[in-house]
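# Breakdown of the fold
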Amino acid sequence: MWNYEKRLQYPVNIKTPNAKLAQFISSQYGGPDGEIGASMRYLSQRFTAPNRMVAAVLNDVGTEELAHLEIVSTIVHQLTKDLSMEEIENSGLGPYYIDHTVGIWPQAAGGVPFNACEFQSKGDPITDLFEDLAAEQKARSTYDNILRVVKNIPEVADPIRFLRAREVVHFQRFGEAKSTYTSKNKRFVFRNFCCFVLHQI
């Protein structure tokens, strides 16, 4: 059960549309390391979490990723609002426009549609938590790439910096969840690690 507060987690007020930036940033909506994949990953994994603490972290972070989805969608919407046809054509947004006008639709910056194969839910707590740690780092890297492009546009860069900072916090929370679980199950983890190493020889 959620209490939904009808405001963005971080305000977005973009005055100048920019179709090219919208294409870049849309990758964090439906790209391989974007917010849809993140929210679905964690909210799916929580059902097989090994204990209530790990399940709670997965639920909390998965829910927050939905809020991030809302922020990214707002950024993309404001960057594409009121574009002229000339701006759409010159920016390379034309093919997207033909299919979606300027509606928000999940795809990567390169145009590849979102696919559920872009996230994993394995049911093994160690595997899933390592997947989550890697996912947060990949999302941070993508936000770093976006920041290099938008660093001189504060109205875009500020909410992107906020989202990047939250990826770091999520990484820390998953690290804490993993260590709580592994500290109680050291023998299990050590045995699995040894089996993995022997298999590689």
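Cut-off values and rules
- Residues numbered from 1 in each chain as written.
- Predicted model: local features only at pLDDT ≥ 70, side-chain atom pairs only at ≥ 80, totals over all residues.
- Heavy atoms only, no water.
- Core = buried A, V, L, I, M, F, W, Y, C linked by side-chain atoms within 4.5 Å.
- Buried < 20%, exposed > 50% of the residue type's maximum accessible area, 1.4 Å probe, protein only.
- Helix = DSSP H or I, 4+ residues; strand = E, 2+ residues; numbered from the N terminus.
- Contact = heavy atoms within 4.5 Å.
- Axes fitted to C-alpha atoms, helices over the stretch in contact; angles between N-to-C directions.
- Parallel < 35°, antiparallel > 145°, perpendicular 65-115°, else oblique.
- Left-handed = near helix turned anticlockwise from the far one by under 90°.
- Nonpolar A, V, L, I, M, F, W, Y, C, P; charged D, E, K, R; others polar.
- Phe/Tyr/Trp six-rings, centres within 6.5 Å; stacked < 30°, edge-to-face > 60°.

Ile 25, Ile 75, Leu 79 and Ile 160 are the most contacted members of the largest nonpolar core, which totals 23 residues. Taken together, the elements giving at least two residues each to this core come down to α1 (19-25), α4 (52-80), α7 (125-150) and α8 (154-184). Looking at this core, the element that brings in the most residues is α4, giving six residues. Dropping the residues within four chain positions of it, Ile 75 is found in contact with Val 12, Ile 14, Ile 25, Pro 159 and Ile 160. Counting 13 residues, the second-largest nonpolar core is a separate cluster that includes Val 54, Ala 55, Val 57 and Leu 58.

Attention shifts here to the packing of helix α3 (residues 35-45) against α7. Remark: α3 packs on α7, axes separated minimally by 11 Å, with the N-to-C direction vectors making an angle of 165°. The angle between α3 and α7 places the two elements in the roughly antiparallel class. For the pair α3 and α7, the sense of crossing is left-handed. Each of Glu 35, Arg 41, Tyr 42 and Gln 45 in α3 lies in contact with α7, whose residues at this interface are Asp 128, Glu 131, Asp 132, Ala 135, Glu 136 and Tyr 143. Its residues assigned to classes, the contact of α3 with α7 comprises three nonpolar, one polar and six charged.

On to the packing of aromatic side chains. Evaluated as defined, the whole model comprises two aromatic pairs. Between the aromatic rings of Tyr 42 and Phe 174, the centroid separation amounts to 4.7 Å while the plane-to-plane angle is 50°, which identifies the pairing as tilted. On the criterion of sequence distance, the pair formed by Tyr 42 in helix α3 and Phe 174 in helix α8 is long-range, its members being 132 residues apart. Just as Tyr 42 is buried, Phe 174 falls in that class too.

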